[in-house]
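Fold and geometry: a report
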Amino acid sequence: MPNIKSAKKRVKVIATKAAHNKAINTGLKTDIKRASAAVGANADNKAEAVRVAVKAIDHAAAKGIIKKNAAARKKSSLARQLNAAG
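Residues numbered from 1 in each chain as written. Predicted model: local features only at pLDDT ≥ 70, side-chain atom pairs only at ≥ 80, totals over all residues. Heavy atoms only, no water.

1. Comments concerning the overall build of the protein chain
The test is simple: Helix and strand labels come from DSSP, where a helix needs a run of H or I of at least four residues and a strand needs a run of E of at least two; each type is numbered from the N terminus. When we talk radius of gyration, it's over C-alpha atoms, and the globule rule is simply 2.2 Å times the number of residues to the 0.38. Only protein chains enter the accessibility calculation, which uses a 1.4 Å probe. A residue is then buried if its area is under 20% of the maximum for its type, exposed if over 50%, and partly exposed in between. Residues count as neighbours in contact if any of their non-hydrogen atoms are within 4.5 Å of one another.
Regarding its fold elements, the protein chain presents 3 helices and 0 strands. In the protein chain, the succession of α and β elements from N to C terminus is α-α-α. In terms of overall dimensions, the protein chain is more spread out than a globule: its C-alpha atoms have a radius of gyration of 17 Å, far above the 12 Å expected for 86 residues. Projected onto its principal axes, the C-alpha coordinates of the protein chain cover approximately 60 × 20 × 15 Å. Each of the 86 residues in the protein chain was classed as buried or not, and the buried ones make up 20%. A separation threshold of at least 6 residues defines the contact pool for the protein chain, and within that pool the share at least 24 residues apart is 55%.

What follows is the structure in structure tokens.
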């Protein structure tokens, strides 16, 4: 545990930011799984589910939670699934 006041504050701030990043990442994974399941089941709302997932991916990339190329790869994968489903 740090002894210096500023180091103690950094520990608190880092813990808060880590929790926030984890929440966004968890929500992102959930949205991607939902979209993938909707496309796999050929549900009526598959396009809407993919749109929501792409928005979450873009948000995570803008916040720096995932890298730009990882975001592009995830969006491309979802688009391929959606187009293959027809």
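2. A short note on the side chain of Asp-31
Topologically, Asp-31 is positioned in helix H1 (residues 5-40). If we ignore the near neighbours within four places in the chain, the residues touching Asp-31 are Val-52, Ala-53 and Ala-56.

3. Description of helix H3 (residues 68-85)
The criterion, for reference: In this analysis, the expected span of each helix is defined as 1.5 Å times one less than the number of residues it contains. For this quantity, the arc is that covered by the directions from the helix axis to the C-beta atoms.
Taking 1.5 Å as the rise per residue, H3 with 18 residues should run 26 Å; its terminal C-alpha atoms sit 26 Å apart, in good agreement. Here H3 has its buried residues at Ala-70, Ala-71 and Leu-78. For H3, the angular spread of the buried residues around the axis is 105°, confining them to a single face. Set apart from the buried face of H3 by more than 90 degrees, the exposed residues are Lys-68, Asn-69, Arg-73, Arg-80, Asn-83 and Ala-84. Where the residues of H3 are buried, they touch H1 and helix H2 (46-62). Positive backbone phi, approximately 90°, marks Gly-86, located one or two places after H3.

4. Remarks on H1
For an α-helix, 3.6 residues make a turn, and residues three or four places apart therefore share a direction. Along its 36 residues, H1 runs 53 Å from first to last C-alpha, staying within 8% of the 52 Å computed at 1.5 Å per residue. For H1, every residue scored as buried is listed here: Ile-24, Leu-28, Asp-31, Ala-35, Ala-38 and Val-39. For H1, the secondary structure elements touched by its buried residues are H2 and H3. Once H1 ends, the next one or two residues include Asn-42, with phi positive near 55°.

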